[in-house]
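Next come the chains, spelled out residue by residue.
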Amino acid sequence: MLLFGQGQIGPEPFARPNEIGEDPVFHHQHLDASTQTGVGVFYLLIVLMNLGFAAYWFYNRRDRKQANIWIVVALVFLIHAAAYLFHAGWILPAFIRNAVDDFIGPVTYFMLSLVLFILFIYYRKGCTEPPVAWGILNISLLASGWAITDSNFRSIITKEDNVPIVLLIFSVGFFTWLGMRKAVVNDERMARGEPPLEKLEDEKVLVWPDLVYTELICMVIATFILVIWGVVLKAPLEQPATSAKAPNPSKAPWYFLGLQEMLVYYDPWMAGVVLPTMILVGLIAIPYIDFNQKGNGYYSFNERKVAIVTFNFGFIVLWVTLIVLGTFLRGPNWNFFGPFEYWDPHKVLPLNNVNLSDMFWLGLMGRVFEEGKDWFLRELPGIILVVLYMAALPPLLAKTVLKPFYVRMGFVRFFVLVTLIQFMAALPIKMVLRWTMNLKYIVYIPEYFFNI
Amino acid sequence: MSVGDYIRNSQVWKSIFRHPAPRDRRNRVVVMLTNVFLHLHPVSVRKSGIALSYTWCMGGLTFFLFLVETVTGVLLMFYYRPTLEHAYNDILALRDVTTLGVLRELHRWGAHAMVITIWLHMYRVFLTGSYKPPREFNWSVGVILLVLTLLLSFTGYLLPWDQLAIWAITVGSNMARASPFLGYEGPGATLLKVGDVSLIHSGSDARFLLLGGRFVSGDTLLRFYVLHCVAIPLAVAVLIAIHFWRVRKDGGISGAL
Ligand code: HEM
């Protein structure tokens, strides 16, 4: 595996910059010519994008102020482009990289994505204004451009099979914006008593030519992109398979890395079997438990707040961002590594997680259980908690906070919904328990492989 | 008479397309009805439903990528033999020897892209509330398609038989070992026994069924190959047919009523 860019002559690869005060990696790290040209071209494309955006404001919207802003932004990128095309070799300063690496961990990463998600939902109107969204895009592109000058980051992000995830990040970002933007516009219209935009176009048109040509153009563009992608990027092929030597880390295909990340918090029977099954059952059940008849056939947020926030939370926060985490930030032994950190296979993190039964019996009652004896009594506190969570919580909710839902949904719908949400919440709950009190298992019955 | 007109007036052309070019309203209707591929579509649709900004064309792209995968996949089958002896070298040859080796890239990147487009398709169907009545069932068909698409990708991942492949499949299939009751390390498995003989052991559990052995082996390769090239694509094709049929029967692409 290529871990450092060419020209790396650091004393020994395991030395982390901030551990030895000086920063050998930074001083010796340099960008080779072809990478610089690549980064330069990348910036040049962003310059063009911004010029296009400026032209749109100038000619279509007759808004000089916006046009000027985006020309200035284009200039900033032009300076970057020039610097890399002329091989100035700018590298993101080590103190920034170290600060990012030190700040980011599984907890901060998850909390950050959650906070950003909440902010996006709350400020959806402002966030989806085209200039704001465009600004966010520019910032993320600039950050990517800076980050890629680091050789550790580069070696991970440019692994052939990881390229789709870069694509995933930007396409999910784009379509989240698009969907929310259309919803915001429709919500405003409906608040004024006007119909949603889709309604204005409900006349019928002929499929030939209107649809078949759109399809044809889509196919041509898709073919074009796929062929370019195939020619530029070789499909990976590693050493021939051998059961003798497992690569470290061994990762599932990228679309399952969200599940692999759950293995940190749950045993395989939960993370690999029960929770995925619940995801599928939950998806299939959506149309049957969502009793809200509004918002069918057009984008809207206000009419379907609960549904959209829940689905987005599952899809964006629990699925996509965990895939990104699993791909880019989980290294050898599934340890967490900052984006610029060297994937040191010898990194050791203290594991001091404790089972609930130990906390209760040993910590509170001072009682020790003999190995393999009285497991039922030993695990009783955890079992009670789980039973309460699964069996007592739904009726409690039906009687209290969620009473209006219960009344409108009826018995079956309501319990299916609450059960599904309980399973979905099981992941963040365990995460928080792990982070705050180092909890390993709530119920620990290795005798029957039954650990929760 | 131009060449185009000459061709369009020939008996051969007319035997294939039984009507004049779709330039006027009547023939634009007829073309949709007389062509087996086009008649997957209705003759006319709601304008809002086919706007690119509404569907993002993601369902269509998913279908298109499925077709790309089918074509490139069939071609790849000419070059690839699913045995321990040949698998890796055949893939190596695709890279180093075969003229059309780029087929492998198209197939692999197409598969990745299909996973992304199917998620985005589901996302847009959700955001437009298009799973609501009368389209509940088609959403469920979609979820099954999603599962099958992921399984297609997963089974294909093993075929190059390199380190990446077998260890990714090992990680993935180790989950099956922990299935409740059905995996030999799953909760409850020890309870399933007749007398003293336990029914679920490493030679009879869910993982064994998946891998055709106790670990990823040549039998697994064969199993995944057959699933990947025959069984799952057939199931997907049938379900896509149902899916498209239902899109039309449920009143076409959704729209504000
Ligand atoms: C192989 C996979 C799939 C293919 C080829 C496919 C294809 C399509 C196409 C072409 C449409 C027409 C409208 C559009 O393009 O958006 C459509 C509609 C639809 N799809 Fe899919 N789809 C697939 C998977 C899914 C999945 C995973 C779901 C949901 C979980 C889903 C749910 C639906 C629903 C409910 C509609 C009707 C939407 C409407 O009327 O607006 N499909 N599908």
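Structure's up top.
Computed from a predicted model, the values in this text were never measured in an experiment. (Residues numbered from 1 in each chain as written. Chains lettered and ligands numbered in written order. Predicted model: local features only at pLDDT ≥ 70, side-chain atom pairs only at ≥ 80, totals over all residues. Heavy atoms only, no water.)

Moving on, we come to the overall build of chain B. Counting its regular elements, chain B contains eleven helices and three strands. In chain B, the order of α-helices and β-strands from amino to carboxyl end is α-α-α-β-α-α-α-α-α-α-β-β-α-α. By the compact-globule yardstick of 18 Å for 257 residues, chain B is too spread out, its C-alpha radius of gyration being 24 Å. In terms of overall dimensions, chain B has C-alpha extents of about 85 × 50 × 30 Å along its principal axes. Expressed as a percentage of its 257 residues, the buried residues of chain B come to 52%. Across chain B, contacts joining residues at least 24 apart in sequence account for 61% of those joining residues at least 6 apart. Accessible surface, chain B: about 12100 Å² in total, of which carbon and sulfur atoms supply 68%. Put simply, chain B has 24 plus and 14 minus side-chain charges, and the middle of one group is 15 Å from the middle of the other. (Helix = DSSP H or I, 4+ residues; strand = E, 2+ residues; numbered from the N terminus. Rg over C-alpha atoms; globule rule 2.2 N^0.38 Å. Buried < 20%, exposed > 50% of the residue type's maximum accessible area, 1.4 Å probe, protein only. Contact = heavy atoms within 4.5 Å. Areas by Shrake-Rupley, 256 points an atom, 1.4 Å probe, with all protein chains shown as cover. Lys, Arg positive; Asp, Glu negative; His and termini not counted. Charge placed at Lys NZ, Arg CZ, Asp CG, Glu CD.)

Here we take up the packing of helix α3 (residues 64–85) of chain A against helix α7 (residues 130–147) of chain A. Residue and element names in this part refer to chain A. In the contact formed by α3 and α7, the axes pass within 12 Å of each other and the chain directions differ by 5°. If you check the angle between α3 and α7, you find them roughly parallel. Side by side, α3 and α7 meet where Gln66, Trp70, Val73, Phe77 and His80 of the first sit next to Pro131, Trp134, Gly135, Asn138, Leu142 and Trp146 of the second. Its residues assigned to classes, the contact of α3 with α7 shows seven nonpolar, four polar and no charged. (Axes fitted to C-alpha atoms, helices over the stretch in contact; angles between N-to-C directions. Parallel < 35°, antiparallel > 145°, perpendicular 65-115°, else oblique. Nonpolar A, V, L, I, M, F, W, Y, C, P; charged D, E, K, R; others polar.)

The next thing to look at is the coordination of the iron atom of the ligand. Residues and elements named next belong to chain B. Donor atoms from the polypeptide that bind the iron atom of the ligand are His121 (NE2) and His243 (NE2), placed at 2.0 to 2.1 Å. The site at the iron atom of the ligand holds six donor atoms, and with the angles between them running 87 to 179°, its shape is octahedral. A residue pair is termed long-range when its members are at least 10 positions apart, and histidine 121 in helix α7 (residues 102–127) and histidine 243 in helix α11 (residues 218–249) qualify at 122 residues. For the pair formed by histidine 121 and histidine 243, the shared burial category is buried. (Donors = N, O, S within 2.8 Å, 3.2 Å for Na, K, Ca; no water. Tetrahedral: all angles 85-135°; square planar, octahedral: opposite > 155°, others 65-115°.)

Here we come to helix α15 (residues 356–365) of chain A. Residue and element names in this part refer to chain A. The complete set of buried residues in α15 reads Leu356, Ser357 and Trp361. One side of α15 holds all its buried residues, which, seen down the axis, span an arc of 115°. Next to the buried residues of α15 lie α16 (375–399). Taken from the residues just after α15, glycine 366 is the one with a positive phi, measuring 65°. (Arc of directions from axis to C-beta.)

Right, let's get into unusual backbone geometry. Here the residue pair A:Trp208 and A:Pro209 is connected by a cis peptide bond, since its omega of 15° sits within 30 degrees of zero. Backbone geometry at A:Trp334 places phi at a positive 60°, although glycine is not the residue there. Within the element layout of this structure, A:Trp334 appears in the loop between α14 (305–329) and α15. For A:Trp334, a relative accessible area of 15% gives the class buried. Within the chain, B:Trp161 stands out as a residue other than glycine whose phi angle is a positive 55°. Turning to its location among the elements, B:Trp161 is positioned in the loop between α8 (136–158) and α9 (163–177). You can call B:Trp161 buried: its relative accessible area is 9%.

Before going further, it helps to examine the site of the ligand. All names here are of chain B. Around the ligand, 24 residues are found, and the nearest of them are His121, Arg124, Gly142, His243 and Ser254. Measuring from an oxygen atom of the ligand, one finds a side-chain N or O atom of arginine 135 at 3.0 Å. Within the side chain of histidine 243, a nitrogen or oxygen atom sits 2.8 Å from a nitrogen atom of the ligand. Elements with a contribution of two residues or more to the shell around the ligand: α5 (58–77), α7, α8 and α11. Per-class residue counts for the shell around the ligand are twelve nonpolar, ten polar and two charged. (Near = heavy atom within 4 Å. Polar contact = N/O pair within 3.5 Å; in protein donor to acceptor, adjacent residues only side chain to side chain.)

Spatial relationships are all this shows, so hold off on functional conclusions.
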